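The chain contents come next:
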Amino acid sequence: MKRLIAAVFLVATPALAQTPSPAPRAAGEAASRPQTVEDACVFVAKSMLMVKDLKVGVVQSFPELTPPGARLTYSSRMDAEAADITDEIECQFDSAEGPLMVTRFCMDSTCYAADSEEPEDRRRFEEVRALMQRLK
């Protein structure tokens, strides 16, 4: 049933099925800042995975909640079938309006935040925040 729902969602919203890479940038030129919690969560996932492209499946966005956030399924394989897009990320942000800054995110059953117990998890969180701060 879960796969059927995901497949129906992907057919209904093909624009979300794949997030294109931004245009190539000159050395030192910053990428543009994500404007929605969905786009910001995709940015977090790409940053953590260190990939330029990400195939996005189902997206759930909650900009009206406190804290605002988004959840999505993704695959780093651009040729992945809808049923194979099962990796998940959940992101929370300080506000729903720009500039967006991540306050917590979870991938692969690990959550990353400024108050994470594990030093490596705190470090990964701070790295993603630093990358977001560099955006124009």
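Treat the numbers as computed from the prediction; the structure is a model and nothing was measured. (Residues numbered from 1 in each chain as written. Predicted model: local features only at pLDDT ≥ 70, side-chain atom pairs only at ≥ 80, totals over all residues. Heavy atoms only, no water.)

Caption draft 1: Molecular detail of the overall build of the protein. On a plain count of helices and strands, the protein comes out with three helices and five strands. Within the protein, the fraction of its 136 residues that count as buried is 35%. At a minimum sequence separation of 6, the contacts of the protein that also span at least 24 residues come to 52%. Entry remark: accessible area of the protein is about 8400 Å², with carbon and sulfur atoms responsible for 53%. (Helix = DSSP H or I, 4+ residues; strand = E, 2+ residues; numbered from the N terminus. Buried < 20%, exposed > 50% of the residue type's maximum accessible area, 1.4 Å probe, protein only. Contact = heavy atoms within 4.5 Å. Areas by Shrake-Rupley, 256 points an atom, 1.4 Å probe, with all protein chains shown as cover.)

Caption draft 2: Quick look at the side chain of Asp 121. Position of Asp 121 among the secondary structure elements: in helix H3 (residues 119-133). No salt bridge is formed by the buried Asp 121; its nearest oppositely charged neighbour, Arg 124, is found at 6.8 Å. Once residues lying within four places of it in the same chain are set aside, the contact partners of Asp 121 are Thr 110, Cys 111, Tyr 112 and Ser 116. (Lys, Arg positive; Asp, Glu negative; His and termini not counted. Salt bridge = Lys/Arg side-chain N within 4 Å of Asp/Glu carboxyl O.)

Caption draft 3: Quick peek at the state of the cysteines. Per the counting criterion, the structure on display carries two disulfides. With its sulfur 2.2 Å from that of its partner, Cys 41 forms a disulfide with Cys 91. Between Cys 41 and Cys 91, the S-S torsion sits near 75°, and that sign places the bridge as right-handed. Here the residue Cys 41 occupies a position in helix H2 (residues 37-49), and Cys 91 occupies one in strand E3 (residues 87-93), the gap between them amounting to 50 residues. Through a disulfide, Cys 106 is tied to Cys 111; the S-S separation comes to 2.0 Å. Disulfide Cys 106 to Cys 111: torsion about the S-S bond roughly 105°, handedness right-handed. Take Cys 111: its relative accessible area is 31%, and that puts it in the partly exposed class. The disulfide pattern of the protein is 1-2, 3-4 when the bonded cysteines are numbered in sequence order. (Disulfide = S-S within 2.5 Å.)

Caption draft 4: Representation of the pairing of E3 in the model. Relative to E3, strand E2 (residues 69-75) is paired through six bridges, and the arrangement is antiparallel. Residue pairing across strands places Gly 69 opposite Gln 92, the latter belonging to E3. (Pairing = 2+ DSSP bridges.)

Caption draft 5: The arrangement of the pairing of strand E5 (residues 110-113) in detail. Bridge count between strand E4 (residues 102-107) and E5: four bridges; the pairing is antiparallel. Residue Cys 106 lies in a different strand from E5, and its bridge partner there is Cys 111. Between the antiparallel neighbours E4 and E5 lie two residues, among them Asp 108 with a positive phi of about 50°.

Caption draft 6: Inspection of the confidence of the model for the protein at higher detail. In the predicted model, the protein carries a mean pLDDT of 83, and 77% of its residues have values of at least 70. Within the model, pLDDT remains below 50 along residues 1-29, and this stretch shows 34 contacts once partners closer than five positions in the same chain are excluded. (pLDDT = per-residue confidence, 0-100.)

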